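Given next are the chains, with one letter for each unit.
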Amino acid sequence: MITTKRGDGYGLAAGVLAALLPLGAAWSETPDRAQALAGIEAAEAARQRADSVGGEWRDTAAMIARARELAEAGRYPDAIELADQAKRQGELGYDQALGEQNADFPAYVLDRSR
Amino acid sequence: MTKHGFLLATLVLAGAALPIGPVTAATPEEEQAAFQAYFKQRFPNVPEDEFKNGTYAIDPVTRENWEAIEEFPPYENAISQGETLWNTPFADGQGYADCFPDGPAIMGRYPHWDRERGLVMTLPLALNACRTAHGETPLKYKKGPIADLLAYIAFESRGQITQVEIPEDDPRALAAYEQGKRFYFARRGQLNFACGHCHLATSGARLRTETLSPAYGHTTHWPVYRSDWGEMGTLHRRFAGCNEQVRAKAFEPQGEEYRNLEYFLTYMNNGLELNGPGARK
């Protein structure tokens, strides 16, 4: 390669770059601001859905607020992780509230008197 | 596992082991009888008229401390301040006595079903309705002046008997009772606990240094000076605190959820003497 003509060297460099480009693209897929904001928006939607049936959990709103702070600080992976947890809380709270809408006296209380 | 983690795991397992689910339909009267019978069977050595004292009816050690506290009650200032508020005229020259001519000993009339408004009327709601009718700003519902007013009214009402009615000719009242009941037995929050999990089958059990109080007696002694708060607070403040303890978002004090809950829970306590204001840990 040392004796290779200059033109051939350019060709090789271009080939190497071409080979590395897909890899480079994969490295650049770290979460960005838009992804973080989308995650937060999804979490907020889940929180509101849980709240609409009285099933919101205590910490969900605070988690979303913290995720916003992290996103503002540029800590997008952390923001997304927290937003995902908040979203899951919203989903679980919604399901919980729907599942409990017919809650009633437990049998161990009512049956004793019969 | 940390101590805290172990405690949480224990609670969750305990909750899972105590299913609260629907059983065959019963009338409010049947449910009240079953509720009261349950606690009498669970604590056979506690005289019925002692349940109004909450945990102190079932735990002799904490009762000793409580009796010592009651020698110089921490709620006395609230009673005095409440009396002053009661007797201070509004800007229009009227006062609480004009809204409640039989007052101040009116605690035993609340909560009740308000047919005209179509809702459960609690005493704090009625007090604020009086204020707004006379051009005054409503008081906040968790603590402060409302708790002082309630302390004075409760003190003057001592000895009255809990006697909540569910009028049979207004199905909305029964619906409010049912909603309050569902709230009481619904699991909620990240810990997946219902009110009933702590205050029925595990009442009397230890939660760290605390003894879980029986639900029978929960509504007799409000407002309360809680050492944990370092001040007076209302029943709905406590509801909110309990919800947050199971990591659920609390509801608004005097909102429909808590008023219906109060209606159900007070109905369960029918027959017990009112002995507020109280002191609790």
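Reading guide: rules and limits
Residues numbered from 1 in each chain as written. Chains lettered and ligands numbered in written order. Predicted model: local features only at pLDDT ≥ 70, side-chain atom pairs only at ≥ 80, totals over all residues. Heavy atoms only, no water. Axes fitted to C-alpha atoms, helices over the stretch in contact; angles between N-to-C directions. Helix = DSSP H or I, 4+ residues; strand = E, 2+ residues; numbered from the N terminus. Parallel < 35°, antiparallel > 145°, perpendicular 65-115°, else oblique. Left-handed = near helix turned anticlockwise from the far one by under 90°. Contact = heavy atoms within 4.5 Å. Nonpolar A, V, L, I, M, F, W, Y, C, P; charged D, E, K, R; others polar. Expected span 1.5 Å × (residues − 1). Buried < 20%, exposed > 50% of the residue type's maximum accessible area, 1.4 Å probe, protein only. Arc of directions from axis to C-beta. UniProt positions renumbered as here; feature names shortened; annotations may be inferred.

Chemist: When you look at the packing of helix α6 (residues 123–133) of chain B against helix α7 (residues 145–156) of chain B in this model, what are you seeing that I'm missing?
Modeler: The description of two packed helices rests on the angle between their axes and on the distance between the axes. All names here are of chain B. Contact pair α6 / α7: the axes reach a minimum separation of 11 Å and the direction vectors enclose 110 degrees. Classified by the angle between their axes, α6 and α7 sit roughly perpendicular to one another. Of the two elements, α6 crosses α7, and the hand of that crossing is right-handed. Between α6 and α7, the residues in contact are L123, P124 and L127 and I146, L149, L150 and I153, respectively. Among the residues making up the contact of α6 with α7, the classes are represented as seven nonpolar, no polar and no charged.

Chemist: When you look at helix α3 (residues 60–72) of chain A in this model, what are you seeing that I'm missing?
Modeler: Two residues of an α-helix separated by three or four positions point the same way, owing to the 3.6 residues in each turn. Residues and elements named next belong to chain A. With 13 residues, α3 should cover 18 Å at 1.5 Å per step; its first-to-last C-alpha distance of 19 Å lies within 8% of that length. Looking at α3, one finds that the buried residues are T60, M63, I64, A67, L70 and A71. The buried residues of α3 all sit within an arc of 115 degrees when viewed along its axis, so they share a single face. Relative to its buried face, α3 has exposed residues pointing more than 90 degrees away, namely A62 and E72. Structurally, α3 contributes buried residues whose contacts are with α2 (33–52) and α4 (76–99).

Chemist: What should I look at first to understand the UniProt feature "binding site: substrate" (unreviewed entry) in chain B in this one?
Modeler: All names here are of chain B. Sites flagged by UniProt as "binding site: substrate" (unreviewed entry) map to R238. Its location among the elements puts R238 in helix α10 (residues 235–245). Once you skip the residues sitting within four places of it in the chain, R238 turns out to touch W222, R226, W229 and Q245.

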